[in-house]
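Coordinate analysis (summary)
In case you want the letters, here they are:
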Amino acid sequence: MLSSIKGGINKFVSLNPFSNKDVLNAYEKREKIGNGASGIVYKCIRNSDNVEFAWKEMEIYELDDGTTNFKFLEYEYKVVQLLNKSANVLQFEVGAVVKDNKNNATTVVMISDLILGIDLERLIYSDVPISDIGKHWIIAQLLYGLQSMKRKNVIHFDIKPSNVMITENYDVTIIDFGSSLIADNNDEKKILSTTTYTNLDTVNGTVNMNTNLSNCDLWAVGCLMYELYHKNWLFKSLDAESHEKLLDDFPNDSKYFEDDDTNDFFLYIMHKSADVGTVPTIDDVIEHPWIKQYVDANKPQVI
């Protein structure tokens, strides 16, 4: 990984689509704030104005087929560039490729907004009570974020509580675009998402790019919504095979929430309502009374 001493890095390498801006001089890395499968996250400051950001560090390494993971990091950065100025989506300042000759390592660094909050998974399973209004607002913002992504032709494909950041005011930011896809004309693509939150279109890791792709994210929102209200998974799947069986047995028009309007909305986005003839789009869902009446009444500041 990158040396914590700036002098240890003696060569800056710029590769398309990454910026030629030298992050090592423009930003100062501070304390570590997170550690995930894709990399390590630190707090940093922009030297020009002392504004705080997040510094995510990902090492480039060789894969079993002899190639490297750089192609995936490069694609992810193309995705976040497309999502610039999108509502409720993590915003990135710059991405760069840094060669550490001293340690013979090459690292991708991405600088993003610093979100002062916790991920939704930690909030759900904490002792902090979440009001029904707060839950409603979280789901509404998540849908607005997915709509803003869809307008940029991007599907997230890994919506789950740990990929949703929440501030103390219940403001929502969608993060982690390592599984995201830019929709194009390819017939099908392999994706890597979390089984518990996948629908039948993606449970086997392959998605037909000619289908209603946003429905994959909507299904995940339904699974997340159930977990948010009940502190439990909707589907307790051990593997793709058992998950597919659970999806096949998922009943229509059942009672999952005490409130009838909330239950009706859940069934709608899960395409389980008796009156739904086609799979709803993200735009359809945002116009649903459960979302629209709440948003109109509370007048949230959304883009």
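In what follows, the structure referred to is the one given above.
Report follows, based on the coordinates. Bear in mind the structure is a predicted one, so any value in this text is a computation, not a measurement. (Residues numbered from 1 in each chain as written. Predicted model: local features only at pLDDT ≥ 70, side-chain atom pairs only at ≥ 80, totals over all residues. Heavy atoms only, no water.)

**What to know about the environment of Arg-151**
- Mapped onto the secondary structure, Arg-151 falls in helix 4 (residues 132-151).
- Between the alpha carbons of Arg-151 and Ser-86 there is a distance of 9.0 Å; along the sequence they are 65 residues apart. (Helix = DSSP H or I, 4+ residues; strand = E, 2+ residues; numbered from the N terminus.)

**Overview of the pairing of strand 3 (residues 40-46)**
- Counted residue by residue, strand 3 has six buried out of seven residues, so it is predominantly covered.
- Where strand 2 (residues 27-35) meets strand 3, six bridges bridge the pair, whose relative direction is antiparallel. Bridging across to strand 3, Tyr-27 finds its partner in Arg-46.
- Joining the antiparallel neighbours strand 2 and strand 3 is a turn of four residues. (Buried < 20%, exposed > 50% of the residue type's maximum accessible area, 1.4 Å probe, protein only. Pairing = 2+ DSSP bridges.)

**Some words on the packing of aromatic side chains**
- On inspection of all chains with the given rule, the structure shows twelve aromatic pairs.
- On the basis of an interplanar angle of 75° and a centroid distance of 6.2 Å, the ring pair of Tyr-226 and Phe-257 is categorised as edge-to-face. Placement of the pair is Tyr-226 in helix 5 (residues 214-230) and Phe-257 in the loop between helix 6 (240-248) and helix 7 (260-269), with a sequence separation of 31 residues.
- For Tyr-226, a relative accessible area of 18% gives the class buried.
- Taking the centre distance of 5.6 Å and the plane angle of 50° together, the rings of Phe-250 and Tyr-256 count as tilted.
- Against the face of Tyr-42 rests Lys-29, its NZ or CZ located 4.4 Å from the ring centre.
- A cation sits over an aromatic face here: Lys-135 above Tyr-229, 4.9 Å from the ring centre. (Phe/Tyr/Trp six-rings, centres within 6.5 Å; stacked < 30°, edge-to-face > 60°. Lys NZ or Arg CZ within 6 Å of the ring centre and 35° of its normal.)

**Section: the pattern of salt bridges**
- Taken as a whole and assessed by the stated rule, the structure comprises nine salt bridges.
- One salt bridge connects Arg-46 with Asp-49, and the closest N-O pair in it is separated by 2.7 Å.
- Salt-bridge contacts for Lys-292 lead to Glu-287; the nearest nitrogen and oxygen are separated by 3.9 Å. (Salt bridge = Lys/Arg side-chain N within 4 Å of Asp/Glu carboxyl O.)

**Thoughts on unusual backbone geometry**
- Even without a glycine there, the phi angle at Asn-153 is positive, about 70°.
- The topology assignment puts Asn-153 in the loop between helix 4 and strand 8 (154-155).
- Backbone geometry places Tyr-170, a non-glycine residue, at a positive phi of 65°.
- Here Tyr-170 is to be found in the loop between strand 9 (164-166) and strand 10 (172-174).
- You can call Tyr-170 buried: its relative accessible area is 19%.

**Description of the sheet that holds strand 9**
- Pairing within the open sheet is antiparallel, and its three strands lie in the order 7-9-10. Because the sheet does not close on itself, it has two edges, and the strands there are strand 7 (118-119) and strand 10.
- The sheet contact formed by strand 7 and strand 9 spans two bridges and is antiparallel. By the bridge assignment, Asp-119 is partnered in strand 9 with Met-165.

**Focus on a negative patch on the surface**
- There is a patch of like negative charges on the surface, built from Asp-132, Asp-253, Glu-258, Asp-259, Asp-261 and Asp-264.
- Take Asp-259: it is sitting in the loop between helix 6 and helix 7.
- On the basis of relative accessibility, which here comes to 41%, the residue Asp-259 falls in the partly exposed class. (Patch = residues over 30% accessible without salt bridge, like charges linked within 9 Å, V, L, I, M, F, W, Y side chains within 5 Å. Areas by Shrake-Rupley, 256 points an atom, 1.4 Å probe, with all protein chains shown as cover. Lys, Arg positive; Asp, Glu negative; His and termini not counted. Charge placed at Lys NZ, Arg CZ, Asp CG, Glu CD.)

**Some remarks on the nonpolar core**
- Core analysis: the largest hydrophobic core is formed by 67 residues, its most contacted members being Ile-139, Leu-143, Phe-177 and Phe-266.
- Here this core takes ten residues from helix 5, the largest share from any one element.
- Those residues in contact with Ile-139 that lie beyond four places of it in its chain are Val-221, Leu-224, Met-225, Leu-228, Phe-265, Trp-290 and Ile-291.
- Residues Ala-26, Tyr-42, Val-98 and Ile-111 belong to the second largest nonpolar core, which totals 14 residues. (Core = buried A, V, L, I, M, F, W, Y, C linked by side-chain atoms within 4.5 Å. Contact = heavy atoms within 4.5 Å.)

**Digging into the side chain of Thr-196**
- As for its placement among the helices and strands, Thr-196 is situated in the loop between strand 12 (188-190) and strand 13 (206-208).
- The class of Thr-196 is buried, set by a relative accessible area of 9%.
- Beyond its immediate chain neighbours, meaning those up to four positions away, Thr-196 contacts Cys-223, Trp-233, Phe-235 and His-243.

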